[in-house]
Amino acid sequence: MKILAIDTSCDETAVAVTEGTKILSNIVWSQASLHAKWGGVVPSIAKREHEERINWVIEKALKKAFPKSHFIGHQLLVTNIDAVAVTVGPGLAIALEVGIKKAKELSIKFNKPFIPVNHVEGHLLSPLARPGISKQINNSGLNIKNLDFPVLGVVTSGGHTEVVWIKTLGDYKIIAQTSDDALGESLDKAARLLDFGYPGGEILEINARQGNPYAFDLPIPMLGREKEMYFSYSGLKAAFVRLVKEVSSKKDLTPKDISNLAASYQHVAFTHFIRVLDYLLKSNKYSTKNILAGGGVMANGTLRKMLRQVAKKNNLKVLVPYSKRLNTDNAAMIGVAAYFRFKRKEILKPKELAKVDRIPRAKVDEPFAWER
Ligand code: KG4
Ligand code: ZN
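Residues numbered from 1 in each chain as written. Chains lettered and ligands numbered in written order. Predicted model: local features only at pLDDT ≥ 70, side-chain atom pairs only at ≥ 80, totals over all residues. Heavy atoms only, no water.

(A) Representation of the overall build of the chain. For the chain, the count of helices and strands is 11 helices and 12 strands. For 372 residues, the compact-globule formula gives about 21 Å, and the C-alpha radius of gyration of the chain, at 21 Å, lands near that figure. Put simply, the chain has 372 residues, and 56% of those count as buried. Counting only contacts in the chain whose residues sit at least 6 apart along the sequence, the fraction spanning at least 24 positions is 73%. Just so you have it, the chain exposes about 16,700 Å², and 51% of that area is on carbon and sulfur atoms. The centroid of the 54 positive side-chain charges in the chain is displaced by 5 Å from the centroid of its 36 negative side-chain charges. (Helix = DSSP H or I, 4+ residues; strand = E, 2+ residues; numbered from the N terminus. Rg over C-alpha atoms; globule rule 2.2 N^0.38 Å. Buried < 20%, exposed > 50% of the residue type's maximum accessible area, 1.4 Å probe, protein only. Contact = heavy atoms within 4.5 Å. Areas by Shrake-Rupley, 256 points an atom, 1.4 Å probe, with all protein chains shown as cover. Lys, Arg positive; Asp, Glu negative; His and termini not counted. Charge placed at Lys NZ, Arg CZ, Asp CG, Glu CD.)

(B) Fine view of unusual backbone geometry. Following Gly89, the chain continues into Pro90 via a peptide bond in cis, with omega recorded as -5°. Not every positive phi belongs to a glycine, and Asn284 is a case in point at roughly 60°. Mapping Asn284 onto the fold places it in the loop between helix H9 (255-282) and strand S11 (290-294). Unusually for a residue other than glycine, Asn315 sits at a positive phi of about 60°.

(C) Summary view of the coordination of the zinc ion (ligand 2). Taken together, His119 (NE2), His123 (NE2) and Asp329 (OD) make up the full set of protein donors to the zinc ion (ligand 2), lying 2.0 to 2.1 Å away. Its 4 donor atoms give the zinc ion (ligand 2) angles of 96 to 129° at the centre, a pattern that matches the tetrahedral case. Between the donor residues of the zinc ion (ligand 2), the gaps in sequence give the motif H-x3-H-x205-D. One end of the pair is His119 and the other is His123, both in helix H5 (residues 119-125) and 4 residues apart, which spans about a single turn. (Donors = N, O, S within 2.8 Å, 3.2 Å for Na, K, Ca; no water. Tetrahedral: all angles 85-135°; square planar, octahedral: opposite > 155°, others 65-115°.)

(D) Layout of the pairing of strand S5 (residues 114-118). With 5 of 5 residues buried, S5 is to be regarded as a mostly interior element. Covered by surrounding structure in S5 are Phe114, Pro116 and Asn118 together with Ile115 and Val117, the residues of both alternating faces. In the sheet, strand S4 (residues 83-89) pairs with S5 via 5 bridges, with the strands oriented parallel. Each bridged residue has a counterpart across the sheet, and for Gly89 the counterpart in S5 is Asn118. Taken together, S4, helix H4 (residues 93-110) and S5 form a β-α-β motif whose crossover is right-handed. (Pairing = 2+ DSSP bridges. Right-handed = clockwise from strand over helix to strand, strands pointing away.)

Right under this line is the structure:
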């Protein structure tokens, strides 16, 4: 069962070929450098770039997955692919549209089943992705057979900060989410204040490694109110703006100041996330055997360490993707989620596609509009 999966939900044009949970190819064309000077993703630029790149990325993904095929271009699909999957939301409306239009076109032209996928479900299931047979690496991804349900899923990325109870595959309940900024968005804003460029989460992490996380006092959001079970990052950002202004009004910031600021911000942002999670685990309201952790911010070593500590305290294990490339946006995770949707028969025939549309605010625990 081979799937061609497409994701154009934000600023990455991503296409993968997956077989079950195995990755045959995973191509990501990042537009980050184009958006960098605007300090964030510009939807109209994202749409234009997706349109210009999508055919090229699809062909690259197909060629990489089937290097010996004598077919060329999209024709590779005819003999090799069993279904076409695409992210229908959440994401930027006009960016999502590009991938959906292409996936519909391929499904109809080559008469392949169409699998709509929720982007957050992709991140949640990214630890289940496994490398293609040829790869020799230590961590070869998680075998679904070894996963006992229910599990807790956490997604921390540029657009999402969610804790999801996964009763079983396909049965989700969001139990905590952000009330304002996402964790990655908050790190990106802090990074921008320190002139690290966009997206700055990774550079913030690199700088934070040299700094003292207790050098500056910043307020831990929702302190003592963890039982309300949501995340909030806008107040922390405002406090950081004031702090950076105050420190830099007295003197020019030294590299040491900058790494101390980065470390302090990161520490408080993660501490808030972990405190809410700890409350949730201790409450025993949601039984769980393990924690599946995905999304761009989960590539962060400090966050992974803090998450492992809190999991251990609660007798749980943390499962992350086998490669950090699967943390940030990619289409392999969409292919994996699509495979399980296919097994649940949550697919559409090419003649049913008129009703499919993008859902910019899709929730992982709600059916798609056309499924209701
Ligand atoms: O999952 P992703 O590629 O896109 C969304 O679905 O939003 O996540 C991107 C986010 C950005 O905010 C980026 O700064 C952050 O992930 N990120 C990191 C790291 N690598 C990427 N944040 C902290 N530490 C990292 N190493
Ligand atoms: Zn994402």
